[in-house]
Amino acid sequence: MDPRFPIGILGSILLVAGAAFPSLISKKWLPKAKNFLFASGNACMFLYALLGWLAGGSVLFLILQIYIATSTVLMLLDVPDRYDTPFLTAVGVALVAWSLTLFEGYATVLFIMGIVLLGIGFASADGTVRRNLALALGSAVIAVFSYLESDWIFTIVNILFAFFSGLALKKIHTPPKISPRTA
């Protein structure tokens, strides 16, 4: 068995648990627990991507995890969106420019666009439309790229991550139901 497999599975489980974890509950410790799940899952996925690259796999997955590690540090340090979003956008633009030098097809640009969205999502404030929309869209884009690259761990984790981020986004936009007795 490939030694990367259990690392990738553990990272996937932690990331999906973080995405599925309720972020809209007002308890003070819940967002911290969600961020801890994201950080732990991202660390595992970084190791998975690094080992994959060392075994001859795509450098793009390693670049993704380096970018996500940067946004995770900004998230854990609770850097305000007005600072981390421009920083991550500038890094994302630089990655897009660099990806054009590695150009292996349009999938490379698709991949970098997914990275930028994921990075902005991880660094954005918890429980916001911006965060959940960026995470859902970025994960969906990375899932398509991962499918094209036949990396099933990244494909599955990003499909599930997009789904749960989309659910969190829906919860933000769903107004509470008013019962006839309280109206």
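Residues numbered from 1 in each chain as written. Predicted model: local features only at pLDDT ≥ 70, side-chain atom pairs only at ≥ 80, totals over all residues. Heavy atoms only, no water.

Now for the overall build of the protein chain. The helix and strand inventory of the protein chain stands at 7 helices and 0 strands. If you list the helices and strands of the protein chain from N to C, you get α-α-α-α-α-α-α. Looking at the protein chain as a whole, 44% of its 183 residues qualify as buried. Sequence-distant contacts in the protein chain: of pairs separated by 6 or more residues, those separated by 24 or more amount to 67%. (Helix = DSSP H or I, 4+ residues; strand = E, 2+ residues; numbered from the N terminus. Buried < 20%, exposed > 50% of the residue type's maximum accessible area, 1.4 Å probe, protein only. Contact = heavy atoms within 4.5 Å.)

One can describe the packing of helix α5 (residues 106-123) onto helix α6 (residues 129-148) by two numbers: an axis separation of 7 Å at closest approach and a directional angle of 150°. Between α5 and α6, the angle is such that the two are roughly antiparallel. The crossing of α5 and α6 is left-handed. In this structure, α5 contributes A107, T108, L110, F111, G114, I115, L117, L118, I120, G121 and F122 to the contact, and α6 contributes R131, A134, L135, L137, G138, S139, V141, I142, V144, F145 and L148. Classifying every residue of the contact of α5 with α6 by side-chain character gives 16 nonpolar, 5 polar and 1 charged. (Axes fitted to C-alpha atoms, helices over the stretch in contact; angles between N-to-C directions. Parallel < 35°, antiparallel > 145°, perpendicular 65-115°, else oblique. Left-handed = near helix turned anticlockwise from the far one by under 90°. Nonpolar A, V, L, I, M, F, W, Y, C, P; charged D, E, K, R; others polar.)

This part is about a nonpolar patch on the surface. Residues V144, Y147, L148, W152, I156 and L160 make up a contiguous nonpolar surface patch of roughly 620 Å² in combined accessible area. If you list the elements that add at least two residues to the nonpolar patch, you get α6 and α7 (152-173). Positionally, W152 belongs in helix α7. (Patch = residues over 30% accessible without salt bridge, like charges linked within 9 Å, V, L, I, M, F, W, Y side chains within 5 Å. Areas by Shrake-Rupley, 256 points an atom, 1.4 Å probe, with all protein chains shown as cover. Salt bridge = Lys/Arg side-chain N within 4 Å of Asp/Glu carboxyl O.)

Over its 18 residues, helix α3 (residues 59-76) runs 26 Å from end to end, which matches the ideal 26 Å to within 8%, given 1.5 Å per residue. Immediately beyond the C-terminal end of α3, within one or two residues, lies D78, with a positive phi of roughly 55°. (Expected span 1.5 Å × (residues − 1).)

All right, on to the confidence of the model for the protein chain then. Scored by pLDDT, the protein chain has a mean of 80; 85% of the residues are at 70 or more. Looking across the protein chain, the model is least confident in helix α4 (residues 81-101), with a mean pLDDT of 78, and most confident in α6, with 91. (pLDDT = per-residue confidence, 0-100.)

Mapped onto the secondary structure, S139 falls in helix α6. Overall, the relative accessible area of 0% leaves S139 in the buried class. A distance of 2.9 Å separates a polar atom in the side chain of S139 from the backbone oxygen of L135. Beyond its immediate sequence surroundings of up to four residues, S139 is in contact with L118, N158, F161 and A162. (Polar contact = N/O pair within 3.5 Å; in protein donor to acceptor, adjacent residues only side chain to side chain.)

Tracing the backbone shows T70 in helix α3. Given the relative accessible area of 29%, T70 is considered partly exposed. Here the alpha-carbon distance between T70 and V91, two residues 21 residues apart in the chain, equals 9.8 Å.

Contact geometry for α3 and α6: axes closest at 13 Å, N-to-C directions at 165°. Overall, the two elements α3 and α6 adopt an arrangement that is roughly antiparallel. Here the hand of the crossing between α3 and α6 comes out left-handed. Here L60, F61, L64 and M75 of α3 come into contact with α6, specifically with R131, I142, F145 and S146. In terms of residue class, the contact of α3 with α6 is made up of 6 nonpolar, 1 polar and 1 charged.

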